[in-house]
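Spelled out, the chains give:
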Amino acid sequence: MTEPVPSVFHCCKDVSCIGSCARKKLRAQNQVLKKGVVDEQANSASLKEQLKMKDQSLRKMQQEMDSLTFRNQQLAKRVELLQDELALSEAKGKKNKKSAESSSQLSQEQKSVFNEDLQKKIEENERLHILFFEADEQHKRLEAELRTKLEILEMDAAQHQAVVDSLTRKYTDTVEKLQNDKAKLEIKSQTLEREAKDCRLRTEECQQQLKNLQAALGSRLEESLCIINEKVPFNDTRSSRYNALNVPLHNRRYQLKLRDLAGQALAFVQELVTALLNFHTYTEQKVQIFPVDSATDTITPLNQKFSQYLHENASYVRPLEEGMLHVFESITEDTVTVLETAVKLKAFSEHLASYLGFLRKILPYQLKSLEEECESSLCTAALRARNMELHRDMKRLTAVFEKLHTYVSLLVLPSTKPEGLLRTNYNLVFTNIATSLHGFHDILKDISKHYSQKATLEQDVPTATQKLITTNDCILSSLVALTNGAGKIASFFSNNLDHFTTSLSYGPKGEAEFISPLSAECMLQYKKKAVAYMKSLRKPCADSVPYEEALANRRVLLSSTESREGLAQQVQQSLEKIAKLEQEKEHWMLEAQLAKIKLEKENQRLKHSLSGHLTETIQEHSALPNVAEQKENAERSPREPMKSTSLIGMLTVTADNEKAPDVESREDLIKTHYMARIAELTSHLQLADSKSVHFHAECRALVKRLSLAEKSKESLTEELKLAGQNISRLQDELMTTKRSYEDQLSMMSDHLCSMNETLTKQREEIDTLKMASKGNSKKNKNR
């Protein structure tokens, strides 16, 4: 009891070690992440400084660009001024050519100087433009790269920050969880320590109690052994032969459960028997129809023999239901039902064996019939394949019934030859029966599936008749019912398999099984005797005066000195009894008067009922022929013959037709007339056919009515005879009731006379008591 506490401490140490390792790992990861975040922050700061430097250089370049643009504008203005001066100088040169020649040299020199200066400025401007463009492009490219790097770094920083936040949260959660676990484990360790202390105390108490109990039981065992050795001369539980005769404890719930299960099994077997009867009967009809119809042609001798054997199916199938019914009736509430006492199971096994013999007898004919059907000219390849599948299924069906018969015959052995089956094998037999029933269900599903396919193929045969189609439908319906019944039985047996296997130990005390059927029968007889003895003990005893009351009455009778109060109480009680008796007398007088009135009413009612019954029977017999005559007149009225016309009729020809000389028009007119006449005759013929069918149906109905009327006539004659017998019986009963009422009246009068006598006696006793009380009072006065 002291071992659990160290284990709890070890668990606490392990948990604390795991928590410390986790903390170390989290701290190392946190330091690495902090270093990474610091490095990233330094990188971001350096990039920001570089970005500021680039911005400053960009601003300088922009200022230079602004100055250059201003310089360019000044130069452009200067060029314009020079061009204007050149235009003025050219205008002045036209006036004085002479002066122009001298001044042209100077202007050309100036012009060449200006051009060179302008060319230099232009080249410098172009170079500055190129430098500015390249610097601008490089600045934009650097700015874009730095912006992308900044965004990437910001995203990395955000991710690192999120990871750091999640790790810090996780770290705090784990720390809190570990702290909570530590607190819980500390509490648990404390509780376990307390429980260990309690368990130590309890073990000491239990050991002490065990020692005391062992001592007490040892002393009681010695006493019981001494009593057994001295008082019990014979112990029948030591011998299995004698122990089998002991009556076991009655388990009413088990018997009711077993009877309920037997009732369910009986219902399932009845359903299976009806399905088997329908299957064999419709199979017989199918053999006589397909492939050769017996109504038009002779069937083969094999099919004739097969149909003859199938016609005998009821004599083999019906006994299965009867055997199961006998098994159900043998299981009652008062009996002990185990395999050793289930004698009626043998009859069911014999009926199953006879049906198995019937299946073995018809199996070769059924297989040969399927082979002949495959060899016929009407059989297609698909139909031949279905027939071969049914060929295999029928063999499997007979094999499954052989298995079921084998296992059922093994269950019969404990009630006939107990040495043939060991009790340890009962469970195996029941499980094999359950598997066989499931196999039976699977085979029937395959048969119904293959037969439905065969029926659909047979409908496509050109010689297929409506009779064949209906017969196939009937066989399919019987197969479906057979499959459902087999499935119900299989599921029922599987669901109750535990009950069947566990209830086999129900037997005499101290023994696992009955030795022989004879001992089981003797045990049942002893059980009946024990039940009769218990019933006789339950009979109520006759009413008697209690012993104490009898003693008190004896003392009162023997005492010579009775008090005045006791005598007064006796007088009062006797007066109350007299009043009650007088009330009963009046009650019985009223009952006698009511009985006389009822007797008179009963006589009148019997007379009226006899007269009314005779009149009703006479009226019914007189009304029957009138109804029959009315029906015959009503049915004769539509049967009166009708006047028929000629076959050709009258050809009506108008004045226009007489005037028309055309032959073709006349032939057309005759043709139309004959066609109309033929149509009219066909309609009359159809009407006559329908009327004949209707009259035939009415005749059949009248024949049925006539037979029913004859039967009703016979039943009415029998009822008339019974009515006469009832009249005579009622008359006898009337006489007996009269006599009984007279006897009752005489008994009532005798009872009234006896009551009057008792009243007079009690009055005399009261008078004597009064006299005695007066004498006692006088004696007391004298004293």
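Residues numbered from 1 in each chain as written. Predicted model: local features only at pLDDT ≥ 70, side-chain atom pairs only at ≥ 80, totals over all residues. Heavy atoms only, no water.

Turning next to the overall build of the chain. Of regular secondary structure, the chain possesses 16 helices and 0 strands. Going through the 783 residues of the chain one by one, you find that 23% of them count as buried. Contacts in the chain between residues at least 24 apart in sequence constitute 87% of all its contacts with a sequence separation of at least 6. Of the roughly 55900 Å² that the chain leaves accessible, carbon and sulfur atoms contribute 56%. (Helix = DSSP H or I, 4+ residues; strand = E, 2+ residues; numbered from the N terminus. Buried < 20%, exposed > 50% of the residue type's maximum accessible area, 1.4 Å probe, protein only. Contact = heavy atoms within 4.5 Å. Areas by Shrake-Rupley, 256 points an atom, 1.4 Å probe, with all protein chains shown as cover.)

Our focus in this paragraph is the side chain of Ser349. Inspection of the secondary structure assignment puts Ser349 in helix 7 (residues 345-375). Each residue touching Ser349, except ones within four places of it in the same chain, is listed here: His405, Val408, Ser409 and Val412.

What follows deals with the nonpolar core. Residues Tyr355, Leu397, Phe401, Phe440 and Phe493 are the most contacted members of the largest nonpolar core, which totals 71 residues. Every element with two or more residues in this core is listed here: helix 4 (252-289), helix 5 (301-310), helix 6 (314-330), helix 7, helix 8 (381-416), helix 9 (426-459), helix 10 (466-495) and helix 11 (497-502). Counting residues per element, this core draws most heavily on helix 4, at 15 residues. Contacts of Phe401, omitting those with residues within four sequence positions, involve Leu352, Tyr355, Leu356, Leu359 and Phe440. (Core = buried A, V, L, I, M, F, W, Y, C linked by side-chain atoms within 4.5 Å.)

With that settled, the discussion passes to the packing of helix 8 against helix 9. In contact at an axis separation of 9 Å, helix 8 and helix 9 are set at 160 degrees when each is read in the N-to-C sense. Here helix 9 runs roughly antiparallel to helix 8, going by the angle between their axes. Our pair here, helix 8 against helix 9, has a crossing hand that is left-handed. Here the contact of helix 8 with helix 9 is built from residues that sort into 23 nonpolar, 5 polar and 8 charged. (Axes fitted to C-alpha atoms, helices over the stretch in contact; angles between N-to-C directions. Parallel < 35°, antiparallel > 145°, perpendicular 65-115°, else oblique. Left-handed = near helix turned anticlockwise from the far one by under 90°. Nonpolar A, V, L, I, M, F, W, Y, C, P; charged D, E, K, R; others polar.)

Let's shift gears to a nonpolar patch on the surface. A surface patch of nonpolar side chains, about 370 Å² in accessible area, is lined by Ile670, Tyr674, Met675 and Ile678. Note on placement: Tyr674 falls in helix 16 (residues 663-782). (Patch = residues over 30% accessible without salt bridge, like charges linked within 9 Å, V, L, I, M, F, W, Y side chains within 5 Å. Salt bridge = Lys/Arg side-chain N within 4 Å of Asp/Glu carboxyl O.)

A residue-level look at the chain finds 75% of positions with pLDDT of 70 or above and a mean pLDDT of 76. Across residues 509-514, confidence stays below pLDDT 50; counting only partners more than four residues off in sequence or on other chains, it has 14 contacts. Within the model, the stretch residues 621-661 combines pLDDT values under 50 with 24 contacts to residues more than four positions away or in other chains. (pLDDT = per-residue confidence, 0-100.)

We now examine the side chain of Asn303. Relative to the helices and strands, Asn303 is located in helix 5. One polar contact links Asn303 to Ser369, side chain to side chain, over a distance of 3.0 Å. Excluding its chain neighbours within four sequence positions, the residues that come into contact with Asn303 are Val287, Ser369 and Glu372. (Polar contact = N/O pair within 3.5 Å; in protein donor to acceptor, adjacent residues only side chain to side chain.)

Turning our attention to the pattern of salt bridges. If you walk through the whole model with that rule in mind, you get 14 salt bridges. Between Glu373 and Lys454 there is a salt bridge, and its shortest N-O distance comes to 3.3 Å. Within this pair, whereas Glu373 is found in helix 7, its partner Lys454 is found in helix 9, the two being separated by 81 residues in sequence. Judged by its relative accessible area of 3%, Lys454 falls in the buried class. Through salt bridges that share partners, Lys286, Glu373, Lys454 and Glu458 make up one connected network.

What follows deals with helix 7. For helix 7, spanning 31 residues, the distance from its first C-alpha to its last is 45 Å, which sits close to the expected 45 Å at 1.5 Å a residue. Remark: the principal bend of helix 7, roughly 35 degrees, maps to Ile362, with a proline, Pro364, within the next four residues. (Expected span 1.5 Å × (residues − 1). Bend = angle between axes of the 7 residues up to and from the residue.)

A separate point is the packing of aromatic side chains. Aromatic ring pairs are reported here in terms of the distance separating the ring centres and the angle at which the planes meet. Tallying each qualifying case throughout the model produces 7 aromatic pairs. For the pair Phe268 and Phe492, a centre-to-centre distance of 5.5 Å together with 65 degrees between the ring planes defines the contact as edge-to-face. Here Phe268, found in helix 4, pairs with Phe492, found in helix 10; they are 224 residues apart in sequence, far enough to count as distant. You can call Phe268 buried: its relative accessible area is 19%. (Phe/Tyr/Trp six-rings, centres within 6.5 Å; stacked < 30°, edge-to-face > 60°.)

Below, the discussion takes up a negative patch on the surface. Judged by side-chain charge, Glu710, Glu714, Glu718 and Glu719 come together as a negatively charged surface patch. Structurally, Glu719 can be placed in helix 16. (Lys, Arg positive; Asp, Glu negative; His and termini not counted. Charge placed at Lys NZ, Arg CZ, Asp CG, Glu CD.)

With the rule as written, the count across this model stands at 0 disulfides. Among the cysteines around Cys199, which has no disulfide bond, Cys206 carries the closest sulfur, lying 9.7 Å off. We classify Cys199 as partly exposed; its relative accessible area is 24%. (Disulfide = S-S within 2.5 Å.)

Looking now at the packing of helix 4 against helix 10. Close contact between helix 4 and helix 10 brings their axes to 8 Å; oriented N to C, the two are set at 155 degrees. Relative to helix 10, the element helix 4 lies roughly antiparallel. Once helix 4 is placed against helix 10, the crossing between them reads as left-handed. Taken together, the residues that form the contact of helix 4 with helix 10 break down as 19 nonpolar, 8 polar and 4 charged.

The next subject is the environment of Thr471. With respect to the helices and strands, the residue Thr471 is situated in helix 10. When neighbours within four sequence positions are excluded, Thr471 is seen to be in contact with Tyr282, Gln285, Lys286 and Ile289.

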